[in-house]
Amino acid sequence: MTNEDHDTFYSKLELRGVTRRDFLKFCGSVAAMVGLTEAAIPQIAAAVEKGSKLAPALWINGGACTGCTESMAQADYPDVATVVLELLSFDYFETIMMAQGEDAEKAKAAVISKGGYVCVFEGTIMRGFDGNALRVAGKPQIEELPELFKNAAAILAVGSCAVDGGWVAARPNPADGIGVMQFCKDEGITTPVINLPTCPVNPEWVVAMVVDVLLLGGLEDLTRFDLDDFGRPKLIFGQSIHDNCPRRGHFENGEFVYEFGSPEEVKNYCLYAMGCKGPQTFTNCPIVRWNKRASWCVESGAPCIGCGSADPLKPGGNWVDVGTPFLNRHKDIRIGDMLTQPPVVGAAVGAAAVAALAIHGLGMKAAGRMDGGAPFEEMKDHDRKKGGGK
Ligand code: SF4
Ligand code: SF4
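Residues numbered from 1 in each chain as written. Chains lettered and ligands numbered in written order. Predicted model: local features only at pLDDT ≥ 70, side-chain atom pairs only at ≥ 80, totals over all residues.

## Considering the overall build of the chain
Then, number 1: Looking only at helices and strands, one finds 18 helices and eleven strands in the chain.
Then, number 2: For the chain, the residues scored as buried account for 44% of the 390 residues in total.
Then, number 3: Taking all contacts inside the chain whose residues are at least 6 apart in sequence as the whole, residues at least 24 apart take part in 70%. (Helix = DSSP H or I, 4+ residues; strand = E, 2+ residues; numbered from the N terminus. Buried ≥ 20, exposed ≤ 12 C-beta atoms within 10 Å, placed from the backbone. Contact = placed C-beta atoms within 7 Å.)

So, in C-alpha coordinates, the structure goes:
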(Lines give C-alpha, C1' and ligand atoms only; values in the text may rest on other atoms or scores of the structure.)
(Ligands and ions follow the chains in the order given, each with its own letter.)
Protein backbone atom coordinates (compact mmCIF):
# COMPACT_ATOMS: atom_id res chain seq x y z
CA MET A 1 0.00 0.00 0.00
CA THR A 2 1.43 3.38 -1.01
CA ASN A 3 1.48 6.44 1.26
CA GLU A 4 -1.17 7.91 -0.98
CA ASP A 5 -3.45 4.88 -0.48
CA HIS A 6 -2.76 5.12 3.22
CA ASP A 7 -3.83 8.78 3.30
CA THR A 8 -6.90 8.05 1.16
CA PHE A 9 -7.96 5.34 3.59
CA TYR A 10 -7.69 7.68 6.58
CA SER A 11 -9.43 10.51 4.74
CA LYS A 12 -12.30 8.14 3.98
CA LEU A 13 -12.52 7.33 7.68
CA GLU A 14 -12.32 10.97 8.67
CA LEU A 15 -15.04 11.90 6.19
CA ARG A 16 -17.28 9.47 8.07
CA GLY A 17 -16.35 11.00 11.42
CA VAL A 18 -13.83 8.33 12.45
CA THR A 19 -10.41 9.57 13.61
CA ARG A 20 -7.17 7.59 13.38
CA ARG A 21 -7.28 7.27 17.13
CA ASP A 22 -10.80 5.79 17.00
CA PHE A 23 -9.68 3.39 14.32
CA LEU A 24 -6.62 2.18 16.21
CA LYS A 25 -8.67 1.82 19.37
CA PHE A 26 -11.13 -0.26 17.39
CA CYS A 27 -8.27 -2.43 16.06
CA GLY A 28 -7.24 -2.97 19.69
CA SER A 29 -10.68 -4.27 20.56
CA VAL A 30 -10.67 -6.54 17.49
CA ALA A 31 -7.30 -7.89 18.66
CA ALA A 32 -8.72 -8.66 22.10
CA MET A 33 -11.78 -10.40 20.68
CA VAL A 34 -9.85 -12.63 18.31
CA GLY A 35 -7.28 -13.57 20.91
CA LEU A 36 -4.32 -11.43 19.87
CA THR A 37 -2.26 -9.06 21.97
CA GLU A 38 -1.95 -5.33 21.40
CA ALA A 39 1.18 -6.07 19.39
CA ALA A 40 -1.12 -7.22 16.59
CA ILE A 41 -2.85 -3.83 16.28
CA PRO A 42 -0.64 -2.64 13.38
CA GLN A 43 -1.24 -5.94 11.58
CA ILE A 44 -5.01 -5.59 11.98
CA ALA A 45 -4.91 -1.94 10.93
CA ALA A 46 -2.85 -2.83 7.85
CA ALA A 47 -5.19 -5.69 6.97
CA VAL A 48 -8.28 -3.51 7.20
CA GLU A 49 -6.54 -0.65 5.36
CA LYS A 50 -5.59 -2.99 2.58
CA GLY A 51 -9.29 -3.82 2.42
CA SER A 52 -8.51 -6.36 -0.25
CA LYS A 53 -10.72 -9.27 0.52
CA LEU A 54 -9.10 -12.66 0.68
CA ALA A 55 -12.53 -14.08 0.06
CA PRO A 56 -15.88 -12.58 -0.87
CA ALA A 57 -18.60 -12.27 1.72
CA LEU A 58 -22.36 -12.54 1.48
CA TRP A 59 -24.83 -11.29 4.10
CA ILE A 60 -28.04 -13.30 3.77
CA ASN A 61 -31.24 -12.80 5.75
CA GLY A 62 -33.52 -15.58 6.91
CA GLY A 63 -36.69 -14.85 8.86
CA ALA A 64 -35.62 -11.78 10.78
CA CYS A 65 -36.65 -8.35 11.97
CA THR A 66 -33.33 -7.16 10.42
CA GLY A 67 -32.41 -5.94 13.89
CA CYS A 68 -28.89 -7.31 13.45
CA THR A 69 -28.47 -5.33 10.23
CA GLU A 70 -29.82 -2.29 12.09
CA SER A 71 -27.38 -2.96 14.88
CA MET A 72 -24.59 -2.88 12.30
CA ALA A 73 -25.94 0.10 10.41
CA GLN A 74 -26.21 2.33 13.51
CA ALA A 75 -28.66 4.79 12.01
CA ASP A 76 -27.66 7.98 13.82
CA TYR A 77 -24.00 8.31 12.92
CA PRO A 78 -21.51 5.76 11.73
CA ASP A 79 -19.14 4.17 14.17
CA VAL A 80 -15.85 2.55 13.39
CA ALA A 81 -17.31 -0.93 13.07
CA THR A 82 -19.84 0.21 10.49
CA VAL A 83 -17.27 2.05 8.45
CA VAL A 84 -14.89 -0.87 8.51
CA LEU A 85 -17.62 -3.21 7.33
CA GLU A 86 -18.42 -0.83 4.50
CA LEU A 87 -14.76 -0.79 3.52
CA LEU A 88 -14.66 -4.56 3.52
CA SER A 89 -17.55 -4.36 1.07
CA PHE A 90 -19.86 -7.32 1.07
CA ASP A 91 -20.64 -8.67 -2.40
CA TYR A 92 -24.24 -9.14 -1.41
CA PHE A 93 -25.95 -7.55 1.60
CA GLU A 94 -29.62 -8.26 1.30
CA THR A 95 -31.01 -5.36 3.31
CA ILE A 96 -28.75 -2.45 2.47
CA MET A 97 -27.38 -3.19 -1.02
CA MET A 98 -28.37 -0.91 -3.88
CA ALA A 99 -29.16 -3.66 -6.40
CA GLN A 100 -32.66 -5.09 -6.38
CA GLY A 101 -34.70 -7.83 -7.98
CA GLU A 102 -33.06 -9.91 -10.70
CA ASP A 103 -29.79 -7.95 -10.54
CA ALA A 104 -29.43 -8.75 -6.86
CA GLU A 105 -30.26 -12.41 -7.39
CA LYS A 106 -27.72 -12.67 -10.23
CA ALA A 107 -25.01 -11.12 -8.04
CA LYS A 108 -25.76 -13.62 -5.29
CA ALA A 109 -25.86 -16.59 -7.68
CA ALA A 110 -22.49 -15.60 -9.17
CA VAL A 111 -20.79 -15.61 -5.78
CA ILE A 112 -22.47 -18.85 -4.68
CA SER A 113 -21.49 -20.72 -7.83
CA LYS A 114 -17.82 -19.73 -7.40
CA GLY A 115 -17.81 -20.86 -3.76
CA GLY A 116 -15.15 -20.16 -1.11
CA TYR A 117 -16.94 -17.18 0.44
CA VAL A 118 -17.84 -16.28 3.98
CA CYS A 119 -21.59 -16.47 4.48
CA VAL A 120 -22.90 -14.16 7.18
CA PHE A 121 -26.41 -15.38 7.98
CA GLU A 122 -28.93 -13.31 9.94
CA GLY A 123 -32.35 -14.62 10.95
CA THR A 124 -34.15 -17.89 11.41
CA ILE A 125 -34.34 -20.71 8.88
CA MET A 126 -38.07 -21.24 8.41
CA ARG A 127 -39.05 -24.70 7.24
CA GLY A 128 -42.76 -24.47 8.04
CA PHE A 129 -45.49 -24.77 5.42
CA ASP A 130 -43.12 -26.67 3.11
CA GLY A 131 -40.67 -23.79 3.32
CA ASN A 132 -43.28 -21.25 2.26
CA ALA A 133 -43.05 -19.59 5.66
CA LEU A 134 -40.25 -17.61 4.02
CA ARG A 135 -40.10 -17.11 0.27
CA VAL A 136 -37.26 -15.19 -1.35
CA ALA A 137 -37.26 -14.27 -5.03
CA GLY A 138 -40.42 -16.26 -5.65
CA LYS A 139 -39.39 -19.54 -4.01
CA PRO A 140 -38.98 -21.04 -0.55
CA GLN A 141 -35.68 -19.85 0.90
CA ILE A 142 -34.81 -23.31 2.20
CA GLU A 143 -34.40 -24.50 -1.41
CA GLU A 144 -31.30 -22.33 -1.92
CA LEU A 145 -29.77 -22.82 1.51
CA PRO A 146 -28.05 -26.20 1.00
CA GLU A 147 -25.97 -24.86 -1.90
CA LEU A 148 -25.38 -21.53 -0.14
CA PHE A 149 -24.03 -23.24 2.97
CA LYS A 150 -22.20 -26.08 1.19
CA ASN A 151 -20.24 -23.75 -1.07
CA ALA A 152 -19.27 -21.39 1.74
CA ALA A 153 -15.83 -21.64 3.31
CA ALA A 154 -17.28 -20.57 6.64
CA ILE A 155 -20.60 -19.43 8.04
CA LEU A 156 -21.03 -16.71 10.64
CA ALA A 157 -24.47 -17.12 12.21
CA VAL A 158 -25.16 -13.63 13.56
CA GLY A 159 -27.84 -12.99 16.16
CA SER A 160 -29.80 -15.48 18.19
CA CYS A 161 -32.25 -16.24 15.37
CA ALA A 162 -29.48 -17.55 13.13
CA VAL A 163 -27.93 -19.46 16.02
CA ASP A 164 -30.91 -21.45 17.30
CA GLY A 165 -34.03 -19.87 15.84
CA GLY A 166 -34.18 -17.16 18.53
CA TRP A 167 -37.51 -15.51 19.28
CA VAL A 168 -38.86 -16.47 15.85
CA ALA A 169 -38.62 -20.13 16.90
CA ALA A 170 -40.10 -19.58 20.37
CA ARG A 171 -43.03 -21.77 21.34
CA PRO A 172 -45.28 -22.68 19.57
CA ASN A 173 -42.90 -22.09 16.66
CA PRO A 174 -45.49 -22.31 13.85
CA ALA A 175 -42.92 -21.55 11.14
CA ASP A 176 -40.78 -24.51 12.31
CA GLY A 177 -37.81 -22.18 12.73
CA ILE A 178 -34.30 -23.47 13.45
CA GLY A 179 -30.76 -22.12 13.41
CA VAL A 180 -27.99 -22.58 10.85
CA MET A 181 -26.11 -25.28 12.75
CA GLN A 182 -29.20 -27.49 13.06
CA PHE A 183 -29.99 -27.02 9.36
CA CYS A 184 -26.44 -27.96 8.36
CA LYS A 185 -26.55 -31.02 10.61
CA ASP A 186 -29.87 -32.17 9.14
CA GLU A 187 -28.57 -31.67 5.58
CA GLY A 188 -25.18 -33.29 6.22
CA ILE A 189 -23.34 -30.03 5.50
CA THR A 190 -19.93 -29.82 7.15
CA THR A 191 -19.02 -26.15 6.56
CA PRO A 192 -17.71 -24.66 9.83
CA VAL A 193 -20.26 -22.50 11.65
CA ILE A 194 -19.27 -19.76 14.10
CA ASN A 195 -22.20 -18.69 16.27
CA LEU A 196 -22.61 -15.12 17.53
CA PRO A 197 -25.87 -14.97 19.52
CA THR A 198 -27.63 -12.03 21.26
CA CYS A 199 -30.61 -10.13 20.02
CA PRO A 200 -29.46 -8.20 18.09
CA VAL A 201 -25.86 -9.19 17.51
CA ASN A 202 -23.15 -6.86 18.80
CA PRO A 203 -21.57 -5.21 15.73
CA GLU A 204 -18.11 -5.27 17.26
CA TRP A 205 -18.18 -9.06 17.47
CA VAL A 206 -19.22 -9.37 13.84
CA VAL A 207 -16.50 -7.05 12.64
CA ALA A 208 -13.92 -8.79 14.78
CA MET A 209 -14.86 -12.16 13.28
CA VAL A 210 -15.10 -10.86 9.72
CA VAL A 211 -11.73 -9.15 10.01
CA ASP A 212 -10.24 -12.29 11.48
CA VAL A 213 -11.77 -14.71 8.98
CA LEU A 214 -11.30 -12.57 5.88
CA LEU A 215 -8.17 -10.61 6.51
CA LEU A 216 -6.01 -12.06 9.21
CA GLY A 217 -6.07 -15.80 9.25
CA GLY A 218 -7.58 -16.61 5.89
CA LEU A 219 -9.96 -19.48 5.54
CA GLU A 220 -7.56 -22.38 5.44
CA ASP A 221 -7.50 -23.13 9.12
CA LEU A 222 -10.68 -22.25 10.91
CA THR A 223 -9.80 -24.69 13.67
CA ARG A 224 -7.76 -21.84 15.19
CA PHE A 225 -11.02 -20.46 16.55
CA ASP A 226 -11.49 -21.63 20.09
CA LEU A 227 -15.20 -22.36 20.12
CA ASP A 228 -17.34 -23.59 22.98
CA ASP A 229 -19.87 -26.44 22.78
CA PHE A 230 -22.37 -24.05 21.25
CA GLY A 231 -19.99 -22.96 18.46
CA ARG A 232 -19.35 -19.56 20.07
CA PRO A 233 -15.86 -17.98 20.29
CA LYS A 234 -14.74 -18.48 23.89
CA LEU A 235 -13.00 -15.11 23.94
CA ILE A 236 -16.36 -13.41 23.58
CA PHE A 237 -18.64 -15.92 25.28
CA GLY A 238 -16.31 -17.47 27.83
CA GLN A 239 -17.28 -15.52 30.94
CA SER A 240 -20.65 -14.90 32.52
CA ILE A 241 -22.15 -11.44 32.56
CA HIS A 242 -22.41 -11.83 36.32
CA ASP A 243 -18.61 -12.22 36.57
CA ASN A 244 -18.01 -8.80 35.03
CA CYS A 245 -21.07 -6.93 36.26
CA PRO A 246 -20.47 -3.67 38.13
CA ARG A 247 -23.44 -4.53 40.39
CA ARG A 248 -21.79 -7.76 41.50
CA GLY A 249 -20.75 -6.23 44.86
CA HIS A 250 -24.42 -5.64 45.67
CA PHE A 251 -25.18 -9.24 44.78
CA GLU A 252 -22.51 -10.41 47.18
CA ASN A 253 -23.92 -8.13 49.90
CA GLY A 254 -27.48 -9.37 49.36
CA GLU A 255 -28.60 -5.93 48.17
CA PHE A 256 -31.32 -6.34 45.57
CA VAL A 257 -33.88 -4.32 43.66
CA TYR A 258 -37.32 -5.85 44.29
CA GLU A 259 -39.37 -3.19 42.56
CA PHE A 260 -38.72 -0.70 39.78
CA GLY A 261 -39.02 2.85 41.05
CA SER A 262 -37.84 1.84 44.53
CA PRO A 263 -34.97 3.43 46.51
CA GLU A 264 -33.00 0.21 45.87
CA GLU A 265 -33.23 0.80 42.15
CA VAL A 266 -31.93 4.34 42.59
CA LYS A 267 -28.95 2.87 44.44
CA ASN A 268 -28.21 0.58 41.46
CA TYR A 269 -28.58 -2.56 43.56
CA CYS A 270 -28.37 -5.98 41.95
CA LEU A 271 -31.23 -6.89 39.58
CA TYR A 272 -31.26 -10.64 40.25
CA ALA A 273 -34.61 -10.46 42.04
CA MET A 274 -36.00 -8.63 39.02
CA GLY A 275 -35.17 -11.60 36.84
CA CYS A 276 -31.60 -10.78 35.80
CA LYS A 277 -30.20 -13.71 33.81
CA GLY A 278 -26.61 -12.45 34.16
CA PRO A 279 -25.48 -15.44 36.26
CA GLN A 280 -26.41 -17.97 33.54
CA THR A 281 -25.62 -15.86 30.47
CA PHE A 282 -22.16 -15.96 28.96
CA THR A 283 -21.17 -12.91 26.89
CA ASN A 284 -18.78 -10.00 27.28
CA CYS A 285 -21.58 -7.39 27.17
CA PRO A 286 -20.32 -5.62 30.34
CA ILE A 287 -16.90 -5.18 28.69
CA VAL A 288 -17.63 -4.47 25.03
CA ARG A 289 -20.98 -2.82 25.82
CA TRP A 290 -23.44 -1.53 23.22
CA ASN A 291 -24.29 1.50 21.13
CA LYS A 292 -20.74 2.61 20.53
CA ARG A 293 -19.83 1.41 23.99
CA ALA A 294 -22.20 3.93 25.57
CA SER A 295 -23.85 1.49 27.95
CA TRP A 296 -25.34 -1.98 28.24
CA CYS A 297 -28.52 -3.54 29.61
CA VAL A 298 -27.74 -3.76 33.34
CA GLU A 299 -25.94 -0.42 33.39
CA SER A 300 -28.99 1.20 31.84
CA GLY A 301 -31.14 -0.26 34.61
CA ALA A 302 -32.67 -3.32 32.94
CA PRO A 303 -31.99 -6.89 34.00
CA CYS A 304 -30.12 -9.01 31.48
CA ILE A 305 -32.82 -11.08 29.79
CA GLY A 306 -30.33 -13.68 28.61
CA CYS A 307 -30.43 -13.02 24.88
CA GLY A 308 -26.85 -14.32 24.59
CA SER A 309 -27.88 -17.78 25.76
CA ALA A 310 -28.21 -20.28 22.96
CA ASP A 311 -28.53 -23.98 22.37
CA PRO A 312 -28.15 -24.47 18.62
CA LEU A 313 -29.02 -28.16 18.50
CA LYS A 314 -31.78 -28.26 21.09
CA PRO A 315 -35.33 -27.40 19.99
CA GLY A 316 -36.86 -25.05 22.54
CA GLY A 317 -33.43 -24.09 23.88
CA ASN A 318 -33.67 -20.54 22.53
CA TRP A 319 -33.36 -17.62 24.93
CA VAL A 320 -37.05 -16.71 24.80
CA ASP A 321 -38.35 -20.17 25.71
CA VAL A 322 -35.69 -20.56 28.38
CA GLY A 323 -35.78 -17.05 29.88
CA THR A 324 -39.46 -16.07 29.97
CA PRO A 325 -41.05 -14.60 32.00
CA PHE A 326 -38.14 -12.20 31.77
CA LEU A 327 -38.78 -10.21 34.93
CA ASN A 328 -39.19 -13.26 37.13
CA ARG A 329 -36.31 -14.66 39.08
CA HIS A 330 -34.96 -17.63 37.18
CA LYS A 331 -34.97 -20.92 39.00
CA ASP A 332 -31.55 -22.08 37.81
CA ILE A 333 -28.10 -20.61 37.85
CA ARG A 334 -25.57 -21.89 35.36
CA ILE A 335 -22.06 -22.48 36.66
CA GLY A 336 -19.85 -23.82 33.91
CA ASP A 337 -21.88 -26.57 32.28
CA MET A 338 -23.99 -27.11 35.36
CA LEU A 339 -27.45 -25.68 35.87
CA THR A 340 -28.30 -25.57 39.53
CA GLN A 341 -29.82 -23.60 42.36
CA PRO A 342 -27.93 -21.37 44.79
CA PRO A 343 -28.36 -23.28 48.06
CA VAL A 344 -27.61 -26.62 46.41
CA VAL A 345 -24.36 -25.32 45.01
CA GLY A 346 -23.50 -23.62 48.26
CA ALA A 347 -23.86 -26.91 50.12
CA ALA A 348 -21.92 -28.93 47.57
CA VAL A 349 -18.97 -26.75 46.63
CA GLY A 350 -16.90 -24.31 48.64
CA ALA A 351 -15.55 -22.06 45.88
CA ALA A 352 -15.79 -18.34 46.55
CA ALA A 353 -18.09 -17.51 43.69
CA VAL A 354 -20.37 -20.35 44.61
CA ALA A 355 -20.38 -19.32 48.25
CA ALA A 356 -21.55 -15.91 47.10
CA LEU A 357 -24.49 -17.54 45.40
CA ALA A 358 -25.29 -19.39 48.60
CA ILE A 359 -25.09 -16.14 50.60
CA HIS A 360 -27.44 -14.67 48.08
CA GLY A 361 -29.73 -17.65 48.47
CA LEU A 362 -29.77 -17.07 52.26
CA GLY A 363 -30.49 -13.40 51.68
CA MET A 364 -33.43 -14.32 49.52
CA LYS A 365 -34.62 -16.77 52.16
CA ALA A 366 -34.29 -14.16 54.92
CA ALA A 367 -36.28 -11.77 52.78
CA GLY A 368 -39.01 -14.37 52.54
CA ARG A 369 -38.56 -14.59 48.79
CA MET A 370 -37.50 -18.19 48.51
CA ASP A 371 -39.08 -21.41 49.60
CA GLY A 372 -37.17 -24.65 49.16
CA GLY A 373 -34.53 -23.67 46.61
CA ALA A 374 -35.02 -20.93 44.10
CA PRO A 375 -38.21 -21.65 42.21
CA PHE A 376 -39.73 -19.38 39.62
CA GLU A 377 -41.17 -16.36 41.32
CA GLU A 378 -44.75 -16.58 40.18
CA MET A 379 -45.70 -13.15 41.46
CA LYS A 380 -43.76 -10.44 43.21
CA ASP A 381 -45.02 -9.36 46.64
CA HIS A 382 -45.64 -5.81 45.59
CA ASP A 383 -47.71 -7.05 42.62
CA ARG A 384 -49.67 -9.38 44.85
CA LYS A 385 -50.42 -6.54 47.26
CA LYS A 386 -51.69 -4.50 44.37
CA GLY A 387 -53.74 -7.45 43.13
CA GLY A 388 -51.78 -7.31 39.87
CA GLY A 389 -50.23 -9.94 37.66
CA LYS A 390 -46.64 -10.98 37.10
S1 SF4 B 1 -27.52 -10.80 38.96
FE2 SF4 B 1 -27.44 -9.40 37.20
S3 SF4 B 1 -27.40 -7.32 38.07
FE4 SF4 B 1 -26.89 -8.78 39.71
S5 SF4 B 1 -24.67 -8.84 39.70
FE6 SF4 B 1 -25.37 -10.55 38.44
S7 SF4 B 1 -25.41 -9.73 36.36
FE8 SF4 B 1 -25.29 -7.98 37.73
S1 SF4 C 1 -26.68 -8.03 28.76
FE2 SF4 C 1 -27.95 -9.86 28.49
S3 SF4 C 1 -29.88 -9.12 27.55
FE4 SF4 C 1 -28.31 -7.51 27.31
S5 SF4 C 1 -27.45 -7.88 25.28
FE6 SF4 C 1 -26.14 -8.94 26.77
S7 SF4 C 1 -26.95 -11.04 26.86
FE8 SF4 C 1 -28.51 -9.76 25.88
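## Comments concerning the nonpolar core
Then, number 1: C119, L156 and A157 are the most contacted members of the largest nonpolar core, which totals 92 residues.
Then, number 2: It is helix α10 (residues 203-216) that provides the largest number of residues to this core, a total of eight residues.
Then, number 3: Both domains that meet at this core, namely domain 1 (3-236) and domain 2 (242-385), each give it at least three residues.
Then, number 4: Residues in contact with C119, not counting those within four places in the same chain, are L58, I60, L148, F149, A152 and I155. (Core = buried A, V, L, I, M, F, W, Y, C linked by C-beta atoms within 7 Å. Domains from an automatic or database assignment.)

## Thoughts on the site of ligand 2
Then, number 1: The local shell around ligand 2 consists of T198, I241, T281, T283, C285, W296, C297, C304, I305, G306, C307 and G308.
Then, number 2: Here the residues of the shell around ligand 2 sort into seven nonpolar, five polar and no charged. (Near = placed C-beta within 6 Å. Nonpolar A, V, L, I, M, F, W, Y, C, P; charged D, E, K, R; others polar.)

## Things to note about the site of ligand 1
Then, number 1: Taken together, 14 residues form the shell around ligand 1, and within it C245, C270, Y272, C276 and G278 come nearest.
Then, number 2: Residues of the shell around ligand 1, tallied by class, amount to ten nonpolar, two polar and two charged.

## A closer look at the pairing of strand β7 (residues 154-158)
Then, number 1: In terms of burial, β7 is largely enclosed, as five of its five residues are buried.
Then, number 2: Taking every second residue as pointing to the same face, both faces of β7 are buried, with A154, L156 and V158 on one and I155 and A157 on the other.
Then, number 3: Summarising the sheet, strand β3 (residues 118-122) and β7 pair through five bridges and their orientation is parallel. Among the inter-strand pairings, E122 is bridged to a residue of β7, identified as V158. (Pairing = 2+ DSSP bridges.)

## Focus: helix α9 (residues 180-187)
Then, number 1: Every buried residue belonging to α9 is among V180, M181, Q182, F183 and C184, and all of these are buried.
Then, number 2: A positive backbone phi angle near 70 degrees is found at G188, which sits one or two residues after α9.

## Focus on the packing of helix α2 (residues 20-33) against helix α3 (residues 41-50)
Then, number 1: It is at 9 Å that the axes of α2 and α3 come closest, and there the two elements cross at 110 degrees. Judged by the angle between their axes, α2 and α3 are roughly perpendicular. Seen from above, α2 lies across α3 with right-handed handedness. Residues F23, L24, C27, G28, V30 and A31 of α2 form the contact with α3, whose own contacting residues are I41, I44 and A45. (Axes fitted to C-alpha atoms, helices over the stretch in contact; angles between N-to-C directions. Parallel < 35°, antiparallel > 145°, perpendicular 65-115°, else oblique. Left-handed = near helix turned anticlockwise from the far one by under 90°.)

## Some points on the pairing of strand β9 (residues 193-196)
Then, number 1: Judged by which residues are buried, β9 turns out to be covered on both faces: V193 and N195 on one side and I194 and L196 on the other are all buried.
Then, number 2: Across four bridges, β7 lies against β9 in parallel orientation. The residue of β9 that forms the bridge with L156 is I194.

## A few points about the sheet that holds β7
Then, number 1: The strand order across the open sheet built from five strands is β2-β1-β3-β7-β9, with neighbouring strands paired in parallel fashion. The sheet is open, and its two borders are formed by β2 (92-93) and β9, each paired with just one other strand.

## Some remarks on unusual backbone geometry
Then, number 1: A cis amide bond links C199 to the next residue, P200, at an omega of 0 degrees.
Then, number 2: With an omega of -5 degrees, the peptide bond between T324 and P325 qualifies as cis.
Then, number 3: Residues other than glycine seldom take positive phi values, yet T198 does so here, at roughly 105 degrees.
Then, number 4: Relative to the elements of secondary structure, T198 occurs in the loop between β9 and α10.
Then, number 5: Note on T198: 26 C-beta atoms within 10 Å, which makes it buried.

## Examining the environment of G62
Then, number 1: Note on placement: G62 falls in the loop between β1 (57-61) and α4 (67-73).
Then, number 2: Taking the C-alpha atoms as reference points, G62 and R135, separated by 73 residues in sequence, lie 9.5 Å from one another.
Then, number 3: When near neighbours in sequence (up to four residues on either side) are disregarded, G62 contacts F121, E122, G123, T124, I125, M126, L134, Q141, C161 and A162.

## Some thoughts on the confidence of the model for the chain
Then, number 1: The share of residues in the chain with pLDDT of 70 or more is 72%, and the mean pLDDT across the chain is 78.
Then, number 2: Across the chain, the secondary-structure element scoring lowest on mean pLDDT is helix α16 (residues 342-348), at 40, and the one scoring highest is strand β4 (residues 125-126), at 98.
Then, number 3: pLDDT under 50 marks residues 341-375. Its contacts with residues more than four places away, or in other chains, come to 47 contacts. (pLDDT = per-residue confidence, 0-100.)

## Here's the deal with α2
Then, number 1: In a regular helix each residue adds 1.5 Å, so 14 residues correspond to 20 Å; α2 covers 20 Å between its end C-alpha atoms and thus fits that length.
Then, number 2: By the burial criterion, the buried members of α2 are F23, F26, C27, S29, V30, A31 and M33. (Expected span 1.5 Å × (residues − 1).)

## Points about the environment of T190
Then, number 1: Note that T190 resides in the loop between α9 and β9.
Then, number 2: The spacing of T190 and A153 is 37 residues in sequence and 9.9 Å in space, taken between C-alpha atoms.

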